[in-house]
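Here is how the chains run, residue by residue.
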Amino acid sequence: MDTKELLKKVRKIEIKTRRLSDHVFGGEYHSAFKGRGMTFSEVRQYQFGDDVRSIDWNVTARYSEPFVKVFEEERELTLMLMVDVSGSEMFGTQSQFKKEVITEIAATLAFSATQNNDKIGLMLFTDKIELYIPPKKGRSHVLRIIRELIEFKPEGKKTDIAGALKYLSNVLKKKAIVFLLSDFIADEYQHTLKIAANKHDLTGIRVYDRREEEIPNLGIVQMQDEETGEYLTVNTGSKAVRNNYAEFYRKRKNYFTESFRLSGAGTIDTRVDESYVTKLLGYFKRRG
């Protein structure tokens, strides 16, 4: 992709997702993810109805009239976006690939965090850590994150969620808001997830395609496994084949749901042809 085309894509995503974060998510994000506590801001004269416990007795004695301490929420938070860029993210039978939907969601979250003056970091992973961008503030930093989400070419094809969560625990020492975006076609991450969720405010966003839930009867077709590159001849006319396919999907979905429930982390499920806006808003409101 040449620079001109890339900038055009970045701008397009910025316009769409920034509008969402400005008008829809800003306040919801703020109330869903609270700061570290209250910090002293200033003193002002006592007004009727103020809590007497907040009176600053030293200032009151100096001026011979009551003054109260004013506290503000300490907002300084860090948002970490963990994004699965394995081969299966390039799957899509509707209007968009899973990767494109994930990019839009990640950009919307990043701009929502920017509005609250939070730091934003990015981790791209497959079966290894492909890229780590430490958390920083500012629009130019968010645009760099969007640029990487659009054009990054991973070396790995498979998925190792446990490995990515281990890396997160090593690099982020303080508590952060973490969004893990993937199709979660992986297993054996329950234990590591529990450890990460104890330390961070963690949410898994599972993005999937309707054709992953069930395979239609198309007769004999050739399919490619995006994570192994292997081509298979599949008889989709066989009911047993279709049932096995649906069962495989169901097991992975149940593992995702159960693992996140046991760890106390949040979850969002969104299909590529559904409105992720509605899903995110509903999640923020439930948390707020």
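Shown above is the structure to which this text applies.
Residues numbered from 1 in each chain as written. Predicted model: local features only at pLDDT ≥ 70, side-chain atom pairs only at ≥ 80, totals over all residues. Heavy atoms only, no water.

Undergrad: Please give an account of helix 3 (residues 98-115) that cites residues and values.
TA: Compared with an ideal rise of 1.5 Å per residue, which puts 18 residues at 26 Å, helix 3 spans 26 Å between its outermost C-alpha atoms and is within 8% of the ideal. Burial of helix 3 is extensive: 15 of the 18 residues sit out of reach of the surface. In the stretch just after helix 3, N117 is the one whose phi turns positive, near 60°. (Helix = DSSP H or I, 4+ residues; strand = E, 2+ residues; numbered from the N terminus. Expected span 1.5 Å × (residues − 1). Buried < 20%, exposed > 50% of the residue type's maximum accessible area, 1.4 Å probe, protein only.)

Undergrad: Tell me about helix 6 (residues 190-199), and name the residues and values.
TA: Counting along an α-helix, one turn takes 3.6 residues, and residues three or four places apart therefore face a common direction. Those residues of helix 6 that fall on the buried side of the exposure criterion are T192, L193, A196 and A197. With its buried residues spanning 130° around the axis, helix 6 presents them on a single face. Opposite its buried face, helix 6 presents the exposed residues H191 and N198, each directed more than 90 degrees away. On the buried face of helix 6, the contacting elements are helix 5 (161-171), strand 7 (201-208) and helix 8 (239-263). (Arc of directions from axis to C-beta. Contact = heavy atoms within 4.5 Å.)

Undergrad: How would you sum up the packing of aromatic side chains? Please name residues and give values.
TA: Scanning the model with the defined rule gives 11 aromatic pairs in all. Consider the rings of Y189 and Y255, whose centres lie 4.9 Å apart with planes at 80°: the pair is edge-to-face. Taken together, the residues span a long stretch of sequence, with Y189 in the loop between strand 6 (177-182) and helix 6 and Y255 in helix 8 at a distance of 66 residues. Taking 6.4 Å as the distance between ring centres and 50° as the angle between the ring planes, the aromatic pair formed by Y283 and F284 counts as tilted. (Phe/Tyr/Trp six-rings, centres within 6.5 Å; stacked < 30°, edge-to-face > 60°.)

Undergrad: Could you give an account of the pairing of strand 7, with specific residues and numbers?
TA: In regular strands, side chains alternate between the two faces of the sheet. Extensive coverage of strand 7 is indicated by the burial of eight of its eight residues. Judged by which residues are buried, strand 7 turns out to be covered on both faces: D201, T203, I205 and V207 on one side and L202, G204, R206 and Y208 on the other are all buried. Of the strand pairs in this sheet, strand 6 and strand 7 are connected by six bridges, and their pairing is parallel. Each residue of the ladder has a partner; that of L181, found in strand 7, is I205. (Pairing = 2+ DSSP bridges.)

Undergrad: Would you mind going over the sheet that holds strand 4 (residues 119-125) in detail, with residue names and values included?
TA: Spatially, the six strands line up as an open sheet ordered 5-4-3-6-7-10, and their pairing is mixed. Two strands lie at the open edges of the sheet, namely strand 5 (129-136) and strand 10 (266-271), each paired on one side alone. Direction aside, neighbouring strands of the sheet carry axes that sit 15° apart on average. Contacting strand 3 (78-84), strand 4 and strand 5, helix 4 (residues 139-151) crosses the sheet at an angle of about 15° to strand 4. (Axes fitted to C-alpha atoms, helices over the stretch in contact; angles between N-to-C directions.)

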